[in-house]
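Chain residues, written in single-letter form:
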Amino acid sequence: MDKLSDRVKRLGYSQTFVMSNKAREMKAAGIDVISLTLGEPDFDVPDNIKQAAFDAINQNYSHYSPVPGFLELREAVAFKLKRDNNLEYKPSQICVSNGAKQAILNVLASVINDGDEVLLPAPYWVSYDEMVKMMGGTSVMLPTSYVTDFKITAEQLEESITDKTKAILFSSPCNPSGGYYTYDELKSMAKVIAKYPHVTVISDEIYEYINYETKTTSIAQFPEVYEQTAVINGMSKAFAMTGWRIGYSACPEWLAKACEKVQGQMTSGANTVAQRASITALKTDPSEYKYMIDAFQKRRDLVYDLMKEIPGFKVVLPKAAFYFFPDISYYVGKTLNGTEIKDSDDFAMFLLENAHVGCVGGVSFGSPECIRFSYAASEEDLREAMKRIKDVLAPFNS
């Protein structure tokens, strides 16, 4: 008798962590691996946020919080959404979760029935498809490419919506492409979505601050879809608080209450000390933390210049986040050092084993012709990584 549920057997492992763990194993074996796999800022948490955590410990914030988070934190989230996004939310519309992952799962659990379809513009973050599976839904991929800057059009969206469509889930700025949807692009998408009130928009805006061109637009800013939209955000990327596990959703009242119900039966409130520290982070002027974004932009420019010199890589300059997502279809179908490259996952493993550079293949991102590199690493490591890749591929381009 099989003891595992069909639900678990449907799920795959996160390819990001598969490659990261493989890189760690090689490092432990004494191999000099440069891992550009995880989407994690390489900065320490800013001092004022750490001090707020120390203060919370000393003030004995060690008991359960309300399920959707402390009122003061939900007020701080509402303040931030008004200040940075011109969005009006009441604390009752906000649910603070154990990371943005849980915030997304709360929304999916609240709106998805077995067999419902969720539109995923590809490339998408590796967990989206697995989250939809977990909730009994079916993902419908909307393909893009580097030619379209990895973005769908409003026309493509309208052609994809059916009676079975229950939600659309996307990130802007995007992990893994580093692109973002402009105001005009989101306005066009909002006009389409407003025609279909049975569709919920799940807008993952975790990379909001890491935008090198402009202020990020939220699709919730368009009144016609406000009541259909769940805004997802959190503390991990802009504040380098990945391990603190604080995310949040901002939703219409009907959906916020459902998210609170789901979370109340799963984990209850998030870590109390991290919640108190997040109040300080959100209330601080974003310019205080801009030094991290400036460093990412400098690294982006460095890697872009180096990556353009790698034969067979089709590279789009990422405008946000901290990833490159080059098209490597030139190498698909080739055999490199005895390794048959059937897709970008094979190519990523080839680079890890031969160049000792860790990255993530694009299959689980919905783009099997691309690979993802994180440039949240030192300039020294980034220079060396690009050199290793160029050198290991040179014999196949002579």
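Our structure's up above, just so we're on the same page.
Rules used in this analysis
Residues numbered from 1 in each chain as written. Predicted model: local features only at pLDDT ≥ 70, side-chain atom pairs only at ≥ 80, totals over all residues. Heavy atoms only, no water. Helix = DSSP H or I, 4+ residues; strand = E, 2+ residues; numbered from the N terminus. Rg over C-alpha atoms; globule rule 2.2 N^0.38 Å. Buried < 20%, exposed > 50% of the residue type's maximum accessible area, 1.4 Å probe, protein only. Contact = heavy atoms within 4.5 Å. Areas by Shrake-Rupley, 256 points an atom, 1.4 Å probe, with all protein chains shown as cover. Disulfide = S-S within 2.5 Å. Pairing = 2+ DSSP bridges. Phe/Tyr/Trp six-rings, centres within 6.5 Å; stacked < 30°, edge-to-face > 60°. Lys NZ or Arg CZ within 6 Å of the ring centre and 35° of its normal. Salt bridge = Lys/Arg side-chain N within 4 Å of Asp/Glu carboxyl O. Expected span 1.5 Å × (residues − 1). Arc of directions from axis to C-beta.

## Examining the overall build of the protein
Part 1: Looking only at helices and strands, one finds 13 helices and 14 strands in the protein.
Part 2: Over its C-alpha trace the protein gives a radius of gyration of 21 Å, about what one expects of a compact globule, namely 21 Å for 398 residues.
Part 3: When its C-alpha atoms are laid out on the principal axes, the protein stretches across 60 × 55 × 50 Å.
Part 4: Each of the 398 residues in the protein was classed as buried or not, and the buried ones make up 56%.
Part 5: Long-range pairs, those at least 24 residues apart, make up 75% of the contacts in the protein between residues at least 6 apart in sequence.
Part 6: Of the accessible surface of the protein, which amounts to about 16,800 Å², a share of 51% is contributed by carbon and sulfur atoms.

## Describing the environment of Ile34
Part 1: Along the chain, Ile34 turns up in strand S1 (residues 34-35).
Part 2: On a C-alpha basis, the gap between Ile34 and Lys257 in space is 44 Å, while along the polypeptide they are 223 residues apart.

## Side note on the state of the cysteines
Part 1: This model, assessed by the stated rule, comprises zero disulfides.
Part 2: Of the cysteine sulfurs around Cys251, a residue in no disulfide, the closest is that of Cys259, at 4.5 Å.
Part 3: Owing to a relative accessible area of 0%, Cys251 belongs among the buried residues under this scheme.

## Looking at the sheet that holds strand S9 (residues 323-324)
Part 1: Ordered by their spatial adjacency, three strands build an open sheet running S9-S14-S13, and the pairing between neighbours is antiparallel. For this open sheet the edge positions go to S9 and strand S13 (360-361), each flanked by a neighbour on one side alone.
Part 2: The sheet contact formed by S9 and strand S14 (residues 371-374) spans two bridges and is antiparallel. Bridge assignment links Tyr323 to a residue of S14, and that residue is Ser374.

## Here we look at the packing of aromatic side chains
Part 1: A complete count under the given rule lists 23 aromatic pairs for this structure.
Part 2: On the numbers, 5.7 Å between centres and 85 degrees between planes, the contact of Trp125 with Tyr128 is edge-to-face.
Part 3: What makes Tyr128 buried here is its relative accessible area of 0%.
Part 4: Aromatic pair Tyr331 and Phe347: ring centres 5.1 Å apart, planes at 20 degrees, arrangement stacked. One end of the pair, Tyr331, is in the loop between S9 and strand S10 (335-336); the other, Phe347, is in helix H12 (residues 344-354), and 16 residues separate them in sequence. Each member of the pair, Tyr331 together with Phe347, is buried.
Part 5: We note Arg276 situated over the ring of Phe70; from NZ or CZ to the ring centre the distance is 5.0 Å.
Part 6: The ring of Tyr330 has Lys334 lying over it, and the distance from NZ or CZ to the ring centre is 4.6 Å.

## A short note on the pattern of salt bridges
Where charged atoms from two side chains of opposite charge come close, those side chains can pair.
Part 1: With the rule as written, the count across this model stands at 26 salt bridges.
Part 2: Via salt bridges that share partners, Lys80, Arg83, Asp84 and Glu208 belong to a single interconnected network.

## A short note on helix H3 (residues 47-58)
Part 1: For H3, built from twelve residues, the straight-helix expectation of 16 Å at 1.5 Å per residue is met to within 8% by its first-to-last C-alpha distance of 17 Å.
Part 2: The set of residues buried in H3 consists of Ile49, Ala52, Ala53 and Ala56. The buried residues of H3 occupy one face: seen down the axis, they fall within an arc of 100 degrees. Relative to its buried face, H3 has exposed residues pointing more than 90 degrees away, namely Asp47 and Asn58.
Part 3: Considering only its buried residues, H3 is in contact with helix H10 (272-283).
Part 4: The first or second residue beyond H3 is Asn60, which carries a positive phi of 65 degrees.

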